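Coordinate inspection notes
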Amino acid sequence: MSEEVGVNEIDNPAVGETQLFSHMYVKTMTVEQLYDSLIIATNADKAGQGSYEDVQRQRQQWLQEFLRIFGGNDDDEPTLFSGTIPQALMLMNGELVQQAISVEQGGFLTSVLSNPKLKSDSARLQALYIASLGRYPTRSELSKIDRMMNHIPDRLAAWQDLYWALLNSNEFVLNH
Amino acid sequence: MSLLIPRGMSRRHFLSHLSAGGAATLGATHFLSHLEAHAEEVQKSQKACILVWLGGGAPTIDMWDLKPGSKNGGNFKPISTAGDMQICEHLPEVAKVMGDMSIVRSMSTREADHNRGTYFMHTGYVPNPTVVHPTFGSVVSYELGTKRKELQIPAFVSVGGGGMDPGFLGMAHAPFVVDANGRIQNAESSDPNRLNQRLTMLEAVEDSFIKSNRGDVGKAHKEVYQKARDLMTSDQMAAFRVEQETPEMRKSYGDTQFGNMLIMARRLVEKGVPFIEVRNPNGWDLHNDVFDSLSRTNLPNLDKGLAGLVNDLKARGMLENTVVVCMGEFGRTPRINQNVGRDHWAQTWSVFIGGGGLKGGRAIGATDADGLRIESDAYLPSDLWATVASALRIQLETVHTSKNGRPMKIANGGTPIKDLIG
């Protein structure tokens, strides 16, 4: 990703210009990519109790559900965000994301919050950013989010909402 | 509230009302509530189609095109109706509304497999491995839904599941599925404050990404989330709450699950949703004991539901703008099998259709005395959907382009059924 955003302005395939490959273009992930990203970014399939078989069955069920809502035609690669409300609803309120932000033992959020190596809130915040977006938060993001979280009295809920926001962010869904 | 300028009303016309009515002398609230009431009227007068789906394939020879005196006739007697045709004795309430509705008795659709027939009847196209054709609800969503800016509910709602695939029109026009009780998956937010808190957090997280000038995809993502949030908190969601209706109203539809699904459909039309598919909860794949199943459950349910819907639409002045179609994927064999059932049959069968300005009270086309051959013009699903398209004022010349660049005529280039559009 180029830092020189100004220079890249003439290279925008989204408005029909020929690609100059000056930077990586935003594109949406495929359904399976998003699904895998969610599973990995969240330990969602490990949260709660259950045998290996239960976990696998749950994974299959989630994947089927994903394919149904995101459209799994064989004739073209299903890509995300064809812009439908059920898709957004699924990421906002669906079971997979609920599991991901659940505070049950073994869930990703709990493992980050209870990790003794992460000694400060900013270290925990960084861990969540790396897990979901694959990058550290910028200084301004860090301070902005810190301010917001301080407004929420229930600390655990604040962490849940932050991780929810990261998983629902366009940056998570869009491969860039 | 939204200030709608209804179609069919020009700016000039609107302004002349303002001056003639002396809007300046009216209180602002009075004026606004008048507009709101007017907006509701406009939504009611928008075109819509309700498809009542009889999954499994209904024995229309026992419902709409009886053959008394034939060895294929079965157990039921025909009764007279308010229209110019006779129908089954187990549909007495529907018989009373047949002055407004018609029966097409010469459907001949050649696909007698459940999946292929379902596809053919929904799309107008025979299944083809190189392309997925859009189900007609998706076509209506694409053609009419995109123009209804005030509509927060998706433009194609499937009550009870099913409804098929949007095909090359894209997932934005896929059926929006609600269960028979009006529940939408993932749409219930237990705590609106929590949702707001999360969305504020989301805005903070996303801000920098959108500002980093990465094209329109980020913006589109944001818009979808706004739409989803709007839907979750929309007043229009009340359309799914059939329990808000009076017990008398529910009784007039039969007070059954099917009846409630049809009430939901009418409530959605009132909000401006242009296409609703309601899946009748009874099984129609009657290979065994066809007469018992029909007379005990299927027909009494259908009778009260369909008649309730037509009566209600008419009483509200909505019938002239709302097409009602009732069919399944095919008919059933005229021959009665050894299990007193009827098997799959696509060569000669009937569809119930009316409203939306279509001619009522007519039986269109005819089959022979044993129900085996068509003795008139035969019709295909493409003709049926072309008829619906013309009632909904969708241009029949419209051509969509499939993903691989093939031009696709709307309703597969079918011809509207002349006797229905007059």
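Residues numbered from 1 in each chain as written. Chains lettered and ligands numbered in written order. Predicted model: local features only at pLDDT ≥ 70, side-chain atom pairs only at ≥ 80, totals over all residues. Heavy atoms only, no water.

Section: the overall build of chain B
Our working definition: Here a strand is any run of E in DSSP of at least two residues, a helix any run of H or I of at least four, and the numbering for each starts at the N terminus. Think of it in three bands: with a 1.4 Å probe and only protein chains considered, a residue is buried below 20% of the maximum accessible area for its type, exposed above 50%, and partly exposed in between. By definition in these notes, contact holds between two residues if any of their heavy atoms fall within 4.5 Å.
Across its full length, chain B carries 12 helices and 14 strands. Buried residues in chain B amount to 54% of all 422 residues. Residue pairs at least 24 apart in sequence account for 72% of intrachain contacts in chain B once pairs closer than 6 positions are excluded.

Side note on the overall build of chain A
Within chain A, the secondary structure is distributed over 10 helices and two strands. Seen in sequence order, chain A has helices and strands lined up from the N terminus as α-β-α-α-α-α-α-α-α-α-α-β. Looking at chain A residue by residue over its 176 residues, the buried ones come to 46%. Residue pairs in contact within chain A that sit at least 24 positions apart in sequence constitute 63% of those at least 6 positions apart.

Considering the sheet that holds strand β4 (residues 101-107) of chain B
Residues and elements named next belong to chain B. The condition that has to hold: Strands qualify as paired when DSSP identifies two bridges or more between them. Every axis corresponds to a line fitted to the C-alpha atoms, with the helix fit spanning only the stretch in contact, and the corresponding angles, defined between N-to-C directions, vary from 0 to 180 degrees.
The eight strands lie next to each other as β6-β5-β7-β1-β8-β11-β4-β12, forming an open sheet whose pairing is mixed. The strands lining the two open edges of the sheet, one partner per strand, are β6 (176-178) and β12 (363-364). In this structure, β4 lies alongside β12, joined through two bridges in parallel fashion. The partner of valine 104 across the bridge, within β12, is isoleucine 364. Where helix α10 (residues 290-315) meets the sheet, its contacts fall on β1 (48-53), β4, β8 (322-327) and β11 (349-355), and the angle it forms with β8 comes to roughly 170°.

Structural notes on the side chain of B:Ser402
All names here are of chain B. Relative to the helices and strands, serine 402 resides in the loop between β13 (399-401) and β14 (407-409). With a relative accessible area of 3%, serine 402 lands in the buried category. Those residues in contact with serine 402, other than ones at most four positions away along the chain, are Val131, Phe168 and Met408.

Thoughts on the confidence of the model for chain A
Residues and elements named next belong to chain A. Heads up, the rule is: By definition, pLDDT measures how confident the predictor is in each residue, and it falls between 0 and 100.
Per-residue confidence for chain A gives a mean pLDDT of 74; residues scoring 70 or more make up 69%. Mean pLDDT across the elements of chain A bottoms out in helix α1 (residues 5-8) (46) and peaks in helix α9 (residues 155-168) (91). Confidence over residues 1-7 falls short of pLDDT 50; this stretch has nine contacts with residues more than four positions distant or in other chains. Long-range and interchain partners of residues 73-80, a stretch whose pLDDT sits below 50, account for 20 contacts in this model, where long-range means more than four residues apart.

A closer look at the domain arrangement of chain B
All names here are of chain B. Our working rule: The split into domains, and so the bounds of each, comes from an automatic or database assignment of domains. Here the buried area means the combined drop in accessible surface, using a 1.4 Å probe, for two parts upon being joined, counting both sides. Here a salt bridge means any side-chain nitrogen of Lys or Arg lying within 4 Å of a carboxyl oxygen belonging to Asp or Glu. When residues are grouped by polarity, Ala, Val, Leu, Ile, Met, Phe, Trp, Tyr, Cys and Pro land in nonpolar, Asp, Glu, Lys and Arg in charged, and all others, Gly among them, in polar.
Annotation of chain B at the domain level lists domain 1 (49-182 + 241-413) and domain 2 (188-238). Computed from C-alpha atoms alone, the centre-to-centre distance between domain 1 and domain 2 is 37 Å. Listed by partner, the interface residues are 10 residues for domain 1 and six residues for domain 2. Surface buried jointly by domain 1 and domain 2 totals about 750 Å² across both partners, of which 49% is contributed by carbon and sulfur atoms. Contact with domain 2 buries area across many residues of domain 1, yet Gln152, Arg241 and Lys271 alone supply 62% of it, more than any other trio. Here domain 1 and domain 2 share zero salt bridges between them. Tallied by class, the residues present in the side of domain 1 that touches domain 2 amount to four nonpolar, two polar and four charged.

Quick notes on the confidence of the model for chain B
All names here are of chain B. A residue-level look at chain B finds 86% of positions with pLDDT of 70 or above and a mean pLDDT of 88. Taken as a whole, residues 1-26 scores under 50 in pLDDT and shows 21 contacts with residues more than four places along the chain or in a different chain. Across the interface, the model reports ipTM at 0.75; the global pTM reads 0.80.

Some remarks on the layout of surface pockets
Basically, it comes down to this: A 1.4 Å probe that fits into a set of points on a 1 Å grid over the protein atoms alone but cannot get out defines a cavity; an open set with protein on both sides within 12 Å along at least five of seven lines defines a pocket, and lining residues are those with an atom within 4 Å of a point. Grid points are joined across faces, edges and corners, and a volume is the space filled by probe spheres set on the points.
Here the largest pocket is characterised by a volume of approximately 1,200 Å³. In terms of lining, the largest pocket is formed by 41 residues, of which the most central are A:Thr84, A:Pro86, B:Met171, B:Ala172 and B:Ala174. Secondary structure elements with two or more residues in the lining of the largest pocket: α3 (52-70) and α4 (85-93) of chain A together with β6 and α7 (217-233) of chain B.

A word on the packing of aromatic side chains
Residues and elements named next belong to chain B. Test applied: Each Phe, Tyr or Trp ring (for Trp, its six-membered ring) is paired with any other whose centre lies within 6.5 Å, and the angle between the two planes then decides the class: stacked below 30 degrees, edge-to-face above 60, tilted in between.
Going through the model one piece at a time under the given rule, you end up with six aromatic pairs over all chains. Between the aromatic rings of phenylalanine 76 and phenylalanine 291, the centroid separation amounts to 5.4 Å while the plane-to-plane angle is 85°, which identifies the pairing as edge-to-face. Pair noted here: phenylalanine 76 is in the loop between β1 and β2 (78-80) and phenylalanine 291 is in helix α10, with a separation of 215 residues, a long-range link. By the burial criterion, phenylalanine 76 is buried, and phenylalanine 291 matches it. Aromatic ring contacts, followed pair by pair, group Phe136, Phe156, Phe275 and Trp385 into a single cluster.

Thoughts on the pairing of β1(B)
All names here are of chain B. Across the six residues of β1, six count as buried, placing the element largely inside the fold. Where burial is concerned, the two faces of β1 agree: the one with Ala48, Ile50 and Val52 and the one with Cys49, Leu51 and Trp53 are both buried. Relative to β8, β1 runs parallel, the two being bridged by six bridges. Note that in β8 the partner of alanine 48 across the bridge is threonine 322. As defined by bridge partners, β1 adjoins strand β7 (residues 275-279) across five bridges and the pair is classed as parallel. Considered in β7, the bridge of isoleucine 50 is made with isoleucine 276.

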